[in-house]
Amino acid sequence: MFNVLSLGDVESAEIATLLKNSSLIEEVDVIILPHHGGHSEVLTKDLLEKIEPSIAVCSSNHSNQYGHPTQDVRNLLDKLDIELYTTKSQDIIIESTGSHYGRYKVYDKKVNKNNEEEANN
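Residues numbered from 1 in each chain as written. Predicted model: local features only at pLDDT ≥ 70, side-chain atom pairs only at ≥ 80, totals over all residues. Heavy atoms only, no water.

A. Highlighting the overall build of the protein chain. The number of helices and strands found in the protein chain is three helices and six strands. Listed by position from the N terminus, the elements making up the protein chain come as β-α-β-α-β-α-β-β-β. Put simply, the protein chain has 121 residues, and 33% of those count as buried. Intrachain contacts of the protein chain at a sequence separation of at least 6 include 65% that bridge at least 24 residues. Of the accessible surface of the protein chain, which amounts to about 7800 Å², a share of 46% is contributed by carbon and sulfur atoms. (Helix = DSSP H or I, 4+ residues; strand = E, 2+ residues; numbered from the N terminus. Buried < 20%, exposed > 50% of the residue type's maximum accessible area, 1.4 Å probe, protein only. Contact = heavy atoms within 4.5 Å. Areas by Shrake-Rupley, 256 points an atom, 1.4 Å probe, with all protein chains shown as cover.)

B. Looking closely at the nonpolar core. Of all hydrophobic cores here, the largest spans 19 residues; its most connected members are Leu 5, Ile 31, Leu 33, Leu 43, Leu 48, Ile 51 and Leu 77. Counting residues per element, the ones that place at least two in this core are helix 1 (13-21), helix 2 (45-51), strand 3 (55-58) and helix 3 (71-79). If you look at the next biggest cluster of nonpolar residues, it comprises seven residues, including Phe 2, Ile 55, Val 57 and Tyr 104. (Core = buried A, V, L, I, M, F, W, Y, C linked by side-chain atoms within 4.5 Å.)

C. How the structure looks around the sheet that holds strand 1 (residues 4-6). Spatially, four strands are ordered 1-2-3-4 in an open sheet, and the strand pairing comes out parallel. Both edges of this open sheet fall to strand 1 and strand 4 (83-86), since each of them pairs with a single strand only. For this sheet the average axis-to-axis angle between neighbouring strands, irrespective of direction, equals 20 degrees. Sheet topology places strand 2 (residues 30-32) next to strand 3; three bridges connect them, and they run parallel. Bridged to Ile 31 within strand 3 is Ala 56. (Pairing = 2+ DSSP bridges. Axes fitted to C-alpha atoms, helices over the stretch in contact; angles between N-to-C directions.)

Now the structure itself:
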């Protein structure tokens, strides 16, 4: 079992402050980035340092015209040693392993336009 925080379309800096100060969110293993990894007042260094995710997922499609996740988001995640996965060219599957909290395995599945799995190199 692992903990996921999905921020979806959360925009407000006030919500980021509430999340940061909340006792409900003590530890997050996986964060799904707000606004597909675009600019957001929610995704702050303070919030990420509090929840300490080890993985960030950016959901975006192949023809993402905005280039998400942004370089600023990439730099922030890199600085905090948070591994980034994106759905831009593959599916991301996260499976709970064992009976320990926070234990999981990430599968990075690339599929072609015929929905056939391709080998990852």
